[in-house]
Amino acid sequence: LKLTGLPDGDYALEETVAPGGYDEISSFRFTIEDGRLSYEKSNITAEVEIDDEKNEIIIFNKRTPQVSGEIEKSSTTPIYAEANQIIDYKIEYNATVNYYEGKANIQIVDELPYKIIESESKLDGGIYDSTTKTITWKEEIPITEDETDIKIEKNIKIKYIDIDYSKDKIINIVKGTLGLEKYSGEPFTLSSFTSTPVKFLVDISVTKIWDDNDNQDGMRPETVTMTLSDGTEVELNEGNEWTATVE
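Numbers given to residues run from 1 along each chain, matching the order in which its sequence is written. Residues qualify for local features only when their pLDDT is at least 70, as the model is predicted, and side-chain atom pairs are given and counted only at 80 or more; totals for whole chains, interfaces and linings, by contrast, use all residues. To get the side-chain values, all heavy atoms of the structure are used, and hydrogens and water are removed first.

Draft legend 1. Local environment of the pattern of salt bridges. By definition, a salt bridge exists where a carboxyl oxygen of Asp or Glu is found within 4 Å of a side-chain nitrogen of Lys or Arg. Evaluated as defined, the whole model comprises seven salt bridges. Note that Lys154 and Glu139 form a salt bridge whose closest N and O atoms lie 2.9 Å from each other. With Lys154 in strand β13 (residues 147-158) and Glu139 in strand β12 (residues 134-143), the pair connects residues that are 15 residues apart, well separated along the chain. Here Arg220 makes a salt bridge to Asp212, at a shortest N to O gap of 2.6 Å. The partly exposed category is assigned to Asp212, whose relative accessible area is 22%. What counts as a helix is a DSSP run of H or I of at least four residues, what counts as a strand is a run of E of at least two, and both are numbered from the N terminus. Type-normalised accessible area, obtained with a 1.4 Å probe on protein chains alone, sets the label of each residue: buried when under 20%, exposed when over 50%, and partly exposed for intermediate values.

Draft legend 2. Representation of the side chain of Thr134. Of note, Thr134 is situated in strand β12. For Thr134, a relative accessible area of 12% puts it in the buried group. Two N or O atoms count as a polar contact when they lie within 3.5 Å, although within protein this holds only if one can serve as hydrogen donor and the other as acceptor, and sequence-adjacent residues are included solely when both atoms are side-chain atoms. Among the polar contacts listed, one links the side chain of Thr134 to the side chain of Thr132, at a separation of 2.7 Å. Throughout, a contact is declared for two residues whenever any of their heavy atoms are within 4.5 Å. Once you skip the residues sitting within four places of it in the chain, Thr134 turns out to touch Val109, Asp110, Glu111, Ile127, Tyr128 and Asp129.

Draft legend 3. Main features of the packing of aromatic side chains. Aromatic pairs are defined between Phe, Tyr and Trp rings, using the six-membered ring for Trp, whenever the two ring centres lie within 6.5 Å; interplanar angles under 30 degrees are classed as stacked, those over 60 as edge-to-face, and all others as tilted. Counted under the stated rule, the structure contains three aromatic pairs. Ring geometry for Tyr114 versus Tyr160: centroids 5.5 Å apart, planes at 80 degrees, classification edge-to-face. Within this pair, whereas Tyr114 is found in the loop between β9 (102-111) and β10 (115-116), its partner Tyr160 is found in strand β14 (residues 160-161), the two being separated by 46 residues in sequence. Among the residues examined, Tyr114 registers a relative accessible area of 8% and is labelled buried. Ring geometry for Trp210 and Trp242: centres 5.2 Å apart, planes at 80 degrees, overall edge-to-face. Of this pair, Trp210 sits in the loop between β18 (204-207) and β19 (223-227) while Trp242 sits in the loop between β20 (233-237) and β21 (243-246), and the two are 32 residues apart along the sequence. For Lys73, the ring lying beneath its charged end belongs to Tyr89, and the centroid distance is 4.4 Å. Geometry around Trp210 places Lys208 over its ring, the cationic atom sitting 4.8 Å from the centre. Counting as a charge over the ring demands two things of the Lys NZ or Arg CZ atom: a distance within 6 Å of the ring centre and an angle within 35 degrees of the ring normal.

Draft legend 4. A look at the sheet that holds β13. Strands sit in the order β6-β8-β13 across an open sheet of three strands; the sheet is antiparallel. Of all the strands in the sheet, the pair left with one neighbour each is β6 (66-75) and β13. Across this sheet, the average inter-strand angle for adjacent strands is 10 degrees, counted without regard to direction. Bridging between strand β8 (residues 87-98) and β13 involves twelve bridges; their strand directions are antiparallel. Residue pairing in the sheet places Asn94 in a bridge with Lys151 of β13. If DSSP finds at least two bridges between two strands, the strands pair. Simply put, an axis is a line fit to the C-alpha atoms, just over the touching stretch for a helix, and the angle between two N-to-C directions goes from 0 to 180 degrees.

Draft legend 5. Molecular detail of the pairing of β12. Pairing geometry for β9 and β12, over ten bridges, is antiparallel. Across the sheet, Gly102 pairs through a bridge with Ile143, a residue of β12. Once strand β11 (residues 127-129) ends, the chain turns through four residues before running back antiparallel as β12, passing Lys133 with a positive phi of about 55 degrees.

Draft legend 6. Seen up close, the side chain of Thr96. Secondary-structure assignment places Thr96 in strand β8. Sequence-distant contacts of Thr96, defined by excluding residues within four places in its chain, comprise Gln66, Val67, Ser68, Glu147, Thr148 and Asp149.

Draft legend 7. Spatial organisation of unusual backbone geometry. Phi angles above zero are rare outside glycine, and Lys133 is one such case at about 55 degrees. Positionally, Lys133 belongs in the loop between β11 and β12.

Draft legend 8. Up close: the nonpolar core. Among the buried residues, those of types Ala, Val, Leu, Ile, Met, Phe, Trp, Tyr and Cys that are joined through side-chain atoms within 4.5 Å form a nonpolar core. Tyr93, Ile108, Ile135, Ile158, Tyr160 and Leu178 are the most contacted members of the largest nonpolar core, which has 30 residues in total. When residues of this core are assigned to their parent elements, the largest contribution, six residues, is made by β8. Look past the residues within four positions of Ile108 in its chain and what remains in contact with it is Ile71, Ile91, Tyr93, Ile135, Thr136, Trp137, Ile152, Val174, Lys175 and Gly176.

Spelled out as structure tokens, the structure:
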């Protein structure tokens with residue numbers, strides 16, 4: 001677009017539709033005074049060059065930043081874990097940013113299935129919120145090239161409390177959000193939803209209580225078999241004092 005023969009005055013140029021893959025240019029204001037060009041430098045979403053000799057202003061659309069990547073959460077804890085066992089897992093955040101220069105602000109949020117004992121956990125720099133049952137990490141990464149790879153790894157050890165032992169799986173949800181400081185668009189979000197088959201092992205005590213005045217009628221059987229909800233059978237007798245512990 002080339003405009004010629006404009007008289008002195010204040011002008012505004014606004015792009016209504018940008019080419020594919022480019023940001024729209026916001027309202028660009030310029031002034032012609034005594035035949036010379038000048039422009040307002042604030043709030044310009046474009047690259048601007050001014051040629052004083054030719055008395056020209058050249059405006060370039062900026063490429064729209066592009067972000068791609070993935071976030072993963074993996075555990076090394078065995079499927080069957082003790083109730084008070086430390087759970088080990090790792091979060092890996094990998095992203096590639098194109099067509100941007102400036103700071104990238106990354107936030108990783110790990111949504112936990114249960115509360116944890118923070119004093120006995122290692123969060124690799126994360127901040128734990130017991131109300132929301134989340135661990136949050138924040139990173140600020142400088143982006144200086146047309147294509148920049150970002151790699152963040154967190155190694156976590158946690159100990160759960162208030163566990164629901166009836167569940168045979170725990171749902172792991174981790175979200176990574178990348179915001180570009182100089183970009184007005186929405187942050188780029190990567191999410192991972194995984195279901196980990198972790199069964200917490202607990203010790204269950206089974207006791208038979210007799211109400212027969214210490215077997216005064218001699219009708220008490222030699223053994224009693226108790227069946228748990230998962231099908232496990234437990235034999236109780238006088239030798240084990242009618243009590244047994246099942247793992």
